[in-house]
2 protein chains.
Amino acid sequence: MEAVNIGLLGLGTVGGGTITVLKRNMEEISRRAGREIRVIAAAVRDVDKKRDFDTDGIVLTDRIMDVVNHPDIQVIVELIGGDGEVFDAVMTALDNGKHVVTANKALIASKGNAIFSKASEKGLMVGFESAVAGGIPIIKLIREGLSANQIEWLAGIINGTCNFILSQMTEKQREFGEVLREAQELGYAEADPTFDVQGVDAAHKLTILASIAFGIPLRFESVYMQGIDNVEPVDIAFADELGYRMKHVGISRRTDDGIELRVHPALIPKRSLIANVSGVMNAILIQADAVGQSMFYGPGAGSEPTASAVVADLIDVVRAFTTDPQNRVPHLAFQSDSLIDAPILDIVDIETCYYLRMKAVNRPGVMAAISAIFGETGISIDSILQKGHGREDEPVTIILLTQNTREKNLVRALERVEKLDTVRDKVVWIRVEQLS
Amino acid sequence: MEAVNIGLLGLGTVGGGTITVLKRNMEEISRRAGREIRVIAAAVRDVDKKRDFDTDGIVLTDRIMDVVNHPDIQVIVELIGGDGEVFDAVMTALDNGKHVVTANKALIASKGNAIFSKASEKGLMVGFESAVAGGIPIIKLIREGLSANQIEWLAGIINGTCNFILSQMTEKQREFGEVLREAQELGYAEADPTFDVQGVDAAHKLTILASIAFGIPLRFESVYMQGIDNVEPVDIAFADELGYRMKHVGISRRTDDGIELRVHPALIPKRSLIANVSGVMNAILIQADAVGQSMFYGPGAGSEPTASAVVADLIDVVRAFTTDPQNRVPHLAFQSDSLIDAPILDIVDIETCYYLRMKAVNRPGVMAAISAIFGETGISIDSILQKGHGREDEPVTIILLTQNTREKNLVRALERVEKLDTVRDKVVWIRVEQLS
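First, a word on what this report is: a plain description of the structure on this page. The structure presented is a predicted model; accordingly, all values stated were derived computationally and were not measured.

**Overview of the overall build of chain A**
A count of helical and extended segments in chain A gives 14 helices and 17 strands. In terms of overall dimensions, chain A has C-alpha extents of about 85 × 60 × 50 Å along its principal axes. Burial analysis of chain A (436 residues in total) assigns 62% to the buried set. Taking the contacts inside chain A whose residues are at least 6 apart along the sequence as the reference set, 70% of them involve residues at least 24 apart. Carbon together with sulfur atoms contributes 46% to the accessible area of chain A, which is approximately 16,300 Å² in total. Of the charged side chains in chain A, 45 are positive and 60 negative, and the gap between their average positions amounts to 4 Å.

Set out below in structure tokens:
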């Protein structure tokens, strides 16, 4: 089938990520969407600027409207930001019958009501998954995944810059200003950090989340906003003594009197999972009547994480006009004629680390014999723990953690270890998964 | 618009939850789906059994095929389990042109390939969100939310019974058999716990996750399976010393040689978020090329959490044949003519707890004066921390944690506290969110 043609507005961090992800994963994306997705044009400020990603096959122009009016383009991806001229570009794209995908939280939070009503009138899709919490598909989760529920409240760590700064202030007992400068050097905070540290960015995102959670229009102007610029290390330390951690959160709750919409620093009990979300990561905790509590965690910003959400929106658009409408998303994620009959590994062929517990007689040379076997089978030992102070010839417990090795090597080594006359019983072994 | 008619097969725990959630949230569900969703018939083993949920308006029958062949039913929800006669019922439903929603992981893992090919041939939807990880919309997340990514690996705590037992063994240093009996008494483990504790249930779920993550056919027969019935408390304790926690996990990873598919106990570093998922909760950690790492957490079983996923699938089906196909999911989750202009609460009207830090002169009667003000404004104090051992008339730092109160009360109290001549400077205050 013919490729779907995309036009990008803006080729910054997220634009570059979008192009890179679409190219690198083209094969899988086509298997999922049913058609190839191809960027054919992009509007940029400076056509001649050197870029560190491949723009082959993409026509660059500095005239936004050339892309918005391009007759071969079916979907416009807006990655410029702000809610000024970009609003006109998006409305024109819709007038031209083009679907829109945008990562622009300010635009959606402040002008979404107008954009959606235009899109509905025209029968077009507007995707904005990337506008909230970057790579976490939180819009889809609430809008579709939790659609059976009355949502009672949601609370999110939805600004990575604030979370990074507070995490550093907590771990290193340092002042806000000092950590902010470091965050700026690391690229985790903008040169002008106002939007992030004063809570505006989080308020944009909370506006969108509250709207889809409670079925209310977007109400950015009603969000209570407080930033982290006044947080003092002394309060982080006292809170720690009381069992709490300082986080910058967006909270929206349904009450009998109305909807709470607020962004501010708050103390969260340390035992709660969300209190343990550190650094630039985002997480959203949701309390809903049927499902109870659930939490969704992932990177809230960055080039490829945000591109992940942009491209997911593109695939949603393409699936809607590619597949049978009654069957928009393939059952097994990939189109049924695109499943690959890949081999499944036998368990002895996996590679991981292992925890070993054995009983051995406390006699000189025992450890040397055991170590020799592991050495000969190519298994490196990460740590050793010896338990029990048995007298000579009494059994002691030895715990070993191995480094990564193929399971068949381990099995072979253990067969030999178990044959040693100093080793008693079978060796107990458990796989260790670093999961990172 | 006319209601969509549903037929249920099975009215056990999940069936009851589905009916309860559909009734309780009927109004919001209709606003989201665009049409009312109504259960009109259910096949049960015993028609006369007393049930603790409302079956008004639902025709009960003990003949499955009466529901499957019912001319007015558009969607069959299969909640019986197993992969025997239920397979025939599902295939007949599809032959009859009915969409299918099922919570049956055994059926999908072992016969899904046949079911999906029949559904595709007939242009029908088969929803199975509830088959994996109960209330966590993990199928949708992988299939749609992360569709831009090449998934590298996924690891899940996907059996609540195993996780509950291991959590208890860890916290209380108790034996497997003892904790299993307790779990059975609490209803967290079945009378016949084999499927759960030997890893069969987790293997069914992992089969489905791997298939949608990697685009491979369902391969239940290839899963390596190891349960938790041989886990000993001594290894949990040694692992703890080494910085690890014992979890029962399902892991699937793409390697150059093939796909890993394995379910077994494993040690996970304590610092990792997933190691902190306790009790009957489920979580799935995913490593993908664009988004990096993300984690999805929630209840993996239970009546209403599972019903949440069943009903989400129903709403997906109804949205597909209700709304404009190009615009299947409403932008703001609810149909645009169903948004409600609810009031947004002013920040002074919210209720929460507060952390207060103040400087006061160390003089007899100071605490009494402060406490009196809080008492008069109806604010209860949860805990007090006094820092610094100032001599009399020297300032000390006082930290107070309040119980839940309306913010306007707090503001009023603080105005009075700050006027006390023993209190220096402004009182620093931060909202405390218990988030539970």
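**Examining the relation of the copies chain B and chain A**
Rotating chain B by 180° and translating it 0.0 Å along the rotation axis places it on chain A, where the RMSD comes to 0.1 Å. The superposition of one copy onto the other is thereby described by a two-fold rotation axis. It is B:Phe296 whose C-alpha, among those of chain B, lies nearest the rotation axis, at 2.3 Å. A high fraction, 99%, of the interface residues of chain B reappear at the interface in chain A, so the copies pair face to face through one surface.

**Overview of the interface of chain B and chain A**
In this assembly, 136 residues from chain B lie in contact with 135 residues from chain A. Each partner contributes to the roughly 11,400 Å² buried at the junction of chain B and chain A, and carbon and sulfur atoms together form 58% of this total. If you sort the residues of chain B by the area they bury against chain A, B:His331, B:Ile344 and B:Leu435 come out on top, with a joint share of 7%. Between chain B and chain A we count 18 salt bridges in total. With a closest N to O distance of 2.7 Å, A:Lys140 and B:Glu144 form a salt bridge. Tallying contributions element by element places strand S10 (residues 258-269) of chain B first for the side of chain B that touches chain A, with 11 residues. Split into classes, the residues belonging to the side of chain B that touches chain A amount to 74 nonpolar, 32 polar and 30 charged. Pairing of strand S10 (residues 258-269) of chain A with strand S17 (residues 423-432) of chain B, which is carried by two bridges, proceeds in the parallel orientation. Bridging across to S17(B), A:Ala266 finds its partner in B:Arg431.

**Overview of the pairing of strand S12 (residues 292-299) of chain A**
The element S12(A) is largely enclosed, with a buried count of seven among its eight residues. Where strand S11 (residues 281-288) of chain A meets S12(A), eight bridges bridge the pair, whose relative direction is antiparallel. Across the sheet, residue A:Asn282 finds its bridge partner in S12(A), namely A:Gly298. Where S11(A) folds back on S12(A), the antiparallel hairpin that results is connected by three residues. By the bridge criterion, three bridges tie S12(A) to strand S12 (residues 292-299) of chain B in an arrangement that is antiparallel. Counted as the bridge partner of A:Phe296 is B:Phe296 from S12(B).

**Description of a nonpolar patch on the surface**
All names here are of chain A. On the surface, Leu-186, Tyr-188 and Val-280 cluster together into a nonpolar patch covering about 250 Å² of accessible area. As for its position among the elements, Leu-186 is in helix H8 (residues 176-186). Overall, the relative accessible area of 49% leaves Leu-186 in the partly exposed class.

**Details of the pairing of strand S4 (residues 75-78) of chain B**
All names here are of chain B. Both faces of S4 are covered, namely the face carrying Val-75 and Val-77 and the face carrying Ile-76 and Glu-78. Taken together, the four bridges between S4 and strand S5 (residues 99-102) define a ladder with parallel strand orientation. Bridging from a neighbouring strand, Val-77 pairs with Val-101 of S5. Each parallel crossover has a hand, and the one from S4 via helix H4 (residues 85-95) to S5 is right-handed.

**Quick look at helix H5 (residues 105-122) of chain A**
All names here are of chain A. Between its terminal C-alpha atoms H5 stretches only 22 Å, short of the 26 Å expected from 18 residues at 1.5 Å a residue. Approximately 85° is the largest bend angle found in H5, and it occurs at Lys-111. Within H5, the full set of buried residues consists of Ala-106, Leu-107, Ile-108, Ala-109, Gly-112, Ile-115, Phe-116, Lys-118 and Ala-119. The inward-facing, buried residues of H5 contact strand S4 (75-78), helix H4 (85-95), strand S5 (99-102), strand S6 (126-127) and helix H10 (200-214). Of the residues that open H5, the one with a side-chain oxygen 3.3 Å from the backbone nitrogen of Ala-106 is Asn-104.

Conventions adopted
- Residues numbered from 1 in each chain as written.
- Chains lettered and ligands numbered in written order.
- Predicted model: local features only at pLDDT ≥ 70, side-chain atom pairs only at ≥ 80, totals over all residues.
- Heavy atoms only, no water.
- Helix = DSSP H or I, 4+ residues; strand = E, 2+ residues; numbered from the N terminus.
- Buried < 20%, exposed > 50% of the residue type's maximum accessible area, 1.4 Å probe, protein only.
- Contact = heavy atoms within 4.5 Å.
- Areas by Shrake-Rupley, 256 points an atom, 1.4 Å probe, with all protein chains shown as cover.
- Lys, Arg positive; Asp, Glu negative; His and termini not counted.
- Charge placed at Lys NZ, Arg CZ, Asp CG, Glu CD.
- Least-squares fit on C-alpha atoms with pLDDT ≥ 70 in both.
- Buried area = accessible area lost by both parts, 1.4 Å probe.
- Salt bridge = Lys/Arg side-chain N within 4 Å of Asp/Glu carboxyl O.
- Nonpolar A, V, L, I, M, F, W, Y, C, P; charged D, E, K, R; others polar.
- Pairing = 2+ DSSP bridges.
- Patch = residues over 30% accessible without salt bridge, like charges linked within 9 Å, V, L, I, M, F, W, Y side chains within 5 Å.
- Right-handed = clockwise from strand over helix to strand, strands pointing away.
- Expected span 1.5 Å × (residues − 1).
- Bend = angle between axes of the 7 residues up to and from the residue.
- Polar contact = N/O pair within 3.5 Å; in protein donor to acceptor, adjacent residues only side chain to side chain.

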